[in-house]
Amino acid sequence: MIGAVLTLNAGSSSLKFALYDEDGDEPVADGAVDRIGANEASLSLKAADGTELPVVNIPLVDHAQSIKAVLESLRAAFPDKKLGAIGHRVVHGGTEFDRPTSIDDEVLEKLEALAPFAPLHQPHNLAGIRAAMQAFPGVPQIACFDTSFHRTHPWVNDTFALPREYYDRGVRRYGFHGISYDYITSELQRRAPLIAAGRVVVAHLGNGASMCAIQNGRSVASTMGFSALDGLPMGTRCGQVDPGVLLYLMDQEGMDADEISDMLYRRSGLLGLSGGLASDMRTLEASDAIEAKEAIAYFVFRIQRELGAMAAAMGGIDALVFCGGIGENSRLIRSRICERTEWMGIEIDHARNAGNAEIISSDMSRSKVMVIPTNEGLVIARAAREHLRHVA
Ligand code: ADP
């Protein structure tokens, strides 16, 4: 008996969690704390069948209190389960952490040193880890990194053409969404091993969006780079921008780093392009406003453009896989993307696409097009289980 595994994903004001048994792909319960620190902060907990479970009523003033509330609620709901390990999602593992890692004081210190590379995410991830370590001093804590999967990039996809010393100081293309790409790769190996051994582009299209070129199971290029801003436009993030624009905003409009950061992370992307209408794709698809249509057109165009770039990084493409909230659900976006991809041997079957089939390419298509729901929580749970098996 290695015990149950809890996965935690701590953001700035939210904490998502799931409880897994020692085996099985589905969590026995999951939930979230939302708006941590605000008056209307709330904790929700659902059993595997979707029924709401009762939660303890304590003030959710910070991450530590939120984790306490989660643990006490889980204990009350599942008194017989023994927690074997806690798995954490950590956005940045720098150049060193290329795999899930058991957290001790030394590792925690190294992760803290990486906070300047992801100032909007890393400190919250670490707050979650510290709170969990405090609540469960004897329980192993495992960190899974969004950057690890991309540590196999060749140098040309790892560097910027800046003075060389910046590379040595950590200014590199780290790439993100690696936990999702890891899952999709493992699913491809299981469902379609021949494809998994070939050249695959995965498009993770959710609120955050990126694409990854994966050759024989290894990441060779990604649209996200030093930060989670580069590449595709996202819900509220800009995607690729000419760095000259930022210099202009600083020089001519007197914007400082905080103002630019707020604009690039929170006011750009689909939200910015749609004139503030929505960052949410469903809302944009349902809107008749010209700004909504233009936001979608830009999103689709940049994906088509990057698809060419990702295929070029591998000298061709054998399969395109969609995942993330938009990739898994939006028939419209998938078919719009594949409207201009026949030149690369991608031909969609519209009936299969409309039916949300696993394979949505036509039988004539040279490259397969697939839809695979991602499951980042399971990757983290598996890493925590793996650790437990090693120490057992
Ligand atoms: P996150 O990156 O926060 O995990 P998700 O992967 O859940 O986000 O993706 C959220 C996005 O998916 C939103 O833009 C949402 O509108 C979009 N989405 C979800 N379902 C659909 C759908 N049926 N049609 C179009 N877009 C959808």
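Relevant structure appears above.
Residues numbered from 1 in each chain as written. Predicted model: local features only at pLDDT ≥ 70, side-chain atom pairs only at ≥ 80, totals over all residues. Heavy atoms only, no water.

Asks: Just to check I follow, could you spell out the overall build of the protein chain for this structure?
Replies: Helix and strand counts for the protein chain come out as 15 helices and 12 strands. Taking 2.2 N^0.38 as the reference for a compact globule, 392 residues should give roughly 21 Å; the C-alpha atoms of the protein chain span a radius of gyration of 21 Å, in line with that estimate. A burial count over the protein chain gives 52% of its 392 residues as buried. Intrachain contacts of the protein chain at a sequence separation of at least 6 include 62% that bridge at least 24 residues. Summed over its atoms, the accessible surface of the protein chain is roughly 18,100 Å², and 51% of this surface lies on carbon and sulfur atoms. (Helix = DSSP H or I, 4+ residues; strand = E, 2+ residues; numbered from the N terminus. Rg over C-alpha atoms; globule rule 2.2 N^0.38 Å. Buried < 20%, exposed > 50% of the residue type's maximum accessible area, 1.4 Å probe, protein only. Contact = heavy atoms within 4.5 Å. Areas by Shrake-Rupley, 256 points an atom, 1.4 Å probe, with all protein chains shown as cover.)

Asks: Mind showing me how you'd approach the site of the ligand here?
Replies: Within the structure, the ligand sits among Gly-206, Asn-207, Gly-208, Asp-280, Met-281, Arg-282, Glu-285, Gly-324, Gly-325, Ile-326, Asn-329 and Ser-330. Residue Arg-282 places a main-chain N or O atom 3.0 Å away from an oxygen atom belonging to the ligand. Compared with its free state, where it exposes 580 Å², the ligand has 71% of that area covered by protein. Those elements giving two or more residues to the shell around the ligand turn out to be α10 (281-286) and α12 (324-329). Of the residues belonging to the shell around the ligand, the class tally is 2 nonpolar, 7 polar and 3 charged. (Near = heavy atom within 4 Å. Polar contact = N/O pair within 3.5 Å; in protein donor to acceptor, adjacent residues only side chain to side chain. Nonpolar A, V, L, I, M, F, W, Y, C, P; charged D, E, K, R; others polar.)

Asks: Would you mind showing me how to read the pairing of strand β1 (residues 4-10) here?
Replies: Consecutive residues of a regular strand have side chains that alternate between opposite faces of the sheet. Here β1 lies mainly inside the structure; 6 of its 7 residues are buried. As paired strands, β1 and strand β2 (residues 15-20) are joined by 6 bridges and run antiparallel to one another. Within the sheet, the bridge partner assigned to Asn-9 lies in β2 and is Lys-16. The hairpin turn running from β1 into β2, its antiparallel successor, is 4 residues long. (Pairing = 2+ DSSP bridges.)

The values are spatial; any link to function lies outside them.
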